[in-house]
Amino acid sequence: MTDIDQASDWLYNAKKVLIFTGAGVSAESGIPTFRDQGGLWAGFSAADLASLTGFDKDPCQVWAWYEMRRQRVRQAEPNAAHRAVATYAKERPGVSVITQNVDDLHQRAAVAAGDDDPTIISYHGSLFRMRCRRCSLPGDMPHVIDTTSRDTLPTCRQCGKFMRPDITWFGEAIHRKVADDSDQLSSRADVCLVIGTSLEVYPAAFIPKQVLAHGGHVIEINPEPETFAHPEVVQLRGTACEFVPDVLRDTRYARVAP
Ligand code: OAD
């Protein structure tokens, strides 16, 4: 059996499918990844831009970086892989999506596919949400944030402190509900389709491992030879747009009712 036949067979026979994505799924929409050559962490310091210490030291610099990324994502469109995931999740019961990405491309693809209530967990938060740095009160994100001085940054309407991006930074815990929901999904999934992640960041990287630990299978789509050698992992070497539409189109209908 070829790898692609094996992947299709697992998907076809699964009751619950978990799709777990990283920056690579958005690469073909023009959004840079983090750890590839020329990726975001090649030009920027994670300690300065993705930590509370970095934010407290220079909130203008941190907001400017997230603003740059937010405007870039706004100009991007979901690609064939996002669209295929959205159609699959809409048509086939028992499918959920966990993304490490803070862009909104899975969500936009779901809306375009006519899915009003998609199960998409944004594991690391969102570029399109903010909350108070001190009291955590969420706030409405302005269309543009003026990052030229501390005086123009958004502040909390309750306590007056700076708002911050609602993104989980290094050294911070994943939101409780997100962690609990993700745990449930990964302990129940028969198949985890892992698309475009280096699996270098924890606890996110535990998700496919948890599926394996519960007796499920993992299919990985990535142009690079990554991850874990395991008999229950099939690796499809190629980009998200090369593989995801084909793999999901052929297994749109499950053999077993969920
Ligand atoms: P990385 O930049 O670490 O990894 C991107 C992965 O995508 C690599 O394995 C690439 O080989 C793969 N890739 C590149 N182009 C691709 C394509 N066209 N199709 C499929 N795969 C492709 O990004 P993540 O694994 O998502 O955290 O990084 C995890 C976390 O690290 C991010 O969520 C972010 C970062 O710090 C936060 O923002 C909190």
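Rules used in this analysis
- Residues numbered from 1 in each chain as written.
- Predicted model: local features only at pLDDT ≥ 70, side-chain atom pairs only at ≥ 80, totals over all residues.
- Heavy atoms only, no water.
- 1 Å grid on protein atoms, 1.4 Å probe; cavity = no way out; pocket = protein on both sides within 12 Å on 5 of 7 lines; lining within 4 Å.
- Points joined across faces, edges and corners; volume = space filled by probe spheres on them.
- Helix = DSSP H or I, 4+ residues; strand = E, 2+ residues; numbered from the N terminus.
- Contact = heavy atoms within 4.5 Å.
- Core = buried A, V, L, I, M, F, W, Y, C linked by side-chain atoms within 4.5 Å.
- Buried < 20%, exposed > 50% of the residue type's maximum accessible area, 1.4 Å probe, protein only.
- Pairing = 2+ DSSP bridges.
- Axes fitted to C-alpha atoms, helices over the stretch in contact; angles between N-to-C directions.
- Parallel < 35°, antiparallel > 145°, perpendicular 65-115°, else oblique.
- Left-handed = near helix turned anticlockwise from the far one by under 90°.
- Nonpolar A, V, L, I, M, F, W, Y, C, P; charged D, E, K, R; others polar.

## Thoughts on empty space enclosed by the protein
- Inspection of the entire model under this criterion finds two cavities of 30 Å³ or more.
- The computed volume of the largest cavity comes to approximately 40 Å³.
- Lining the largest cavity are His 82, Val 85, Ala 86, Ala 89, Val 97, His 106, Ala 110, Pro 118 and Ile 120.
- The element best represented in the lining of the largest cavity is helix α7 (residues 80–91), accounting for four residues.
- The space that makes up the second largest cavity amounts to roughly 30 Å³.
- Among the elements of the structure, β1 (17–21) and α9 (176–188) are those that each provide at least two residues to the lining of the second largest cavity.

## What about the side chain of Asp 104?
- Along the polypeptide, Asp 104 turns up in the loop between β2 (95–99) and α8 (105–112).
- Among all residues touching Asp 104, those that are not within four sequence positions of it are Val 73 and Phe 128.

## Brief notes about the nonpolar core
- In this structure, Leu 11, Ile 19, Ile 195, Ile 219, Leu 236, Val 244 and Leu 248 are the most contacted members of the largest nonpolar core, which totals 29 residues.
- For Ile 219, the contacting residues outside a window of four places in its chain are Ala 7, Trp 10, Leu 11, Val 191, Cys 192, Leu 193, Val 194, Val 234 and Leu 236.
- One finds Ala 50, Tyr 66, Val 73 and Ala 76 within the second-largest nonpolar core, a separate group that totals 26 residues.

## Looking at the pairing of β2
- Counting buried positions over the five residues of β2 gives five, a clear majority of the element.
- Side chains Val 95, Val 97 and Thr 99 project from β2 onto one buried face, and the interleaved Ser 96 and Ile 98 project onto a second face that is buried too.
- Of the strand pairs in this sheet, β1 and β2 are connected by five bridges, and their pairing is parallel. The residue bridging Leu 18 from the neighbouring strand is Ser 96, located in β2.
- Two strands pair when backbone bridges link them, and β2 and strand β3 (residues 120–122) are joined in this way by three bridges, in the parallel orientation. The residue of β3 that forms the bridge with Ile 98 is Ile 121.

## A few points about the packing of α7 against α8
- At their nearest, the axes of α7 and α8 sit 8 Å apart, and the two run at 55 degrees to each other. Taken as axis vectors, α7 and α8 run oblique relative to one another. For the crossing formed where α7 meets α8, the hand is right-handed. Between α7 and α8, the residues in contact are His 82, Arg 83, Val 85 and Ala 86 and Leu 105, His 106, Ala 109 and Ala 110, respectively.
- The residue inventory of the contact of α7 with α8, partitioned by class, reads five nonpolar, two polar and one charged.

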